[in-house]
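Each chain is listed here by its residues.
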Amino acid sequence: MDRLILMILVVGLVSIGITVLLGKVASRIKSLKYLPGALCLCLSIYYYYLARFVRAGEGFEDLGKFILAVFLFAAAFFGIITALIIEYRDRSKGDR
């Protein structure tokens, strides 16, 4: 169980890094920093759909797709939260 939590945190850190990098590189395009989180969320839903409804009951393949969906959902969560924090920080700097 400890390894699973560690892997989810690593995936989250990678997602946070990509989001921060996009936030700094493309500061003019505000919505670009939301792209990694949105993409991970779409892929998470897709892999959950594959694991649950498409050829369901095939054993370890479904389990692998579900675990991938969990990892991608964690990446989406961390990415979107980071993008919202960056957006809030940029707005509070603009008020000064």
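Just above sits the structure.
Residues numbered from 1 in each chain as written. Predicted model: local features only at pLDDT ≥ 70, side-chain atom pairs only at ≥ 80, totals over all residues. Heavy atoms only, no water.

Observations concerning the pattern of salt bridges
And step 1. Enumeration over the complete set of coordinates arrives at four salt bridges.
And step 2. For Lys-33, the salt bridge goes to Glu-87, with nearest N and O atoms at 3.1 Å. Note that Lys-33 is positioned in the loop between α1 (2–25) and α2 (35–52) and Glu-87 in helix α3 (residues 60–95), a separation of 54 residues in sequence. As far as burial versus exposure is concerned, Lys-33 and Glu-87 are alike and both buried.
And step 3. Two residues, Arg-91 and Glu-87, come together in a salt bridge whose shortest N-O distance is 3.6 Å. Highlighted residues: Arg-91 and Glu-87, both in helix α3, separated by four residues, approximately one helical turn.
And step 4. Given a relative accessible area of 14%, Glu-87 falls into the buried group. (Salt bridge = Lys/Arg side-chain N within 4 Å of Asp/Glu carboxyl O. Helix = DSSP H or I, 4+ residues; strand = E, 2+ residues; numbered from the N terminus. Buried < 20%, exposed > 50% of the residue type's maximum accessible area, 1.4 Å probe, protein only.)

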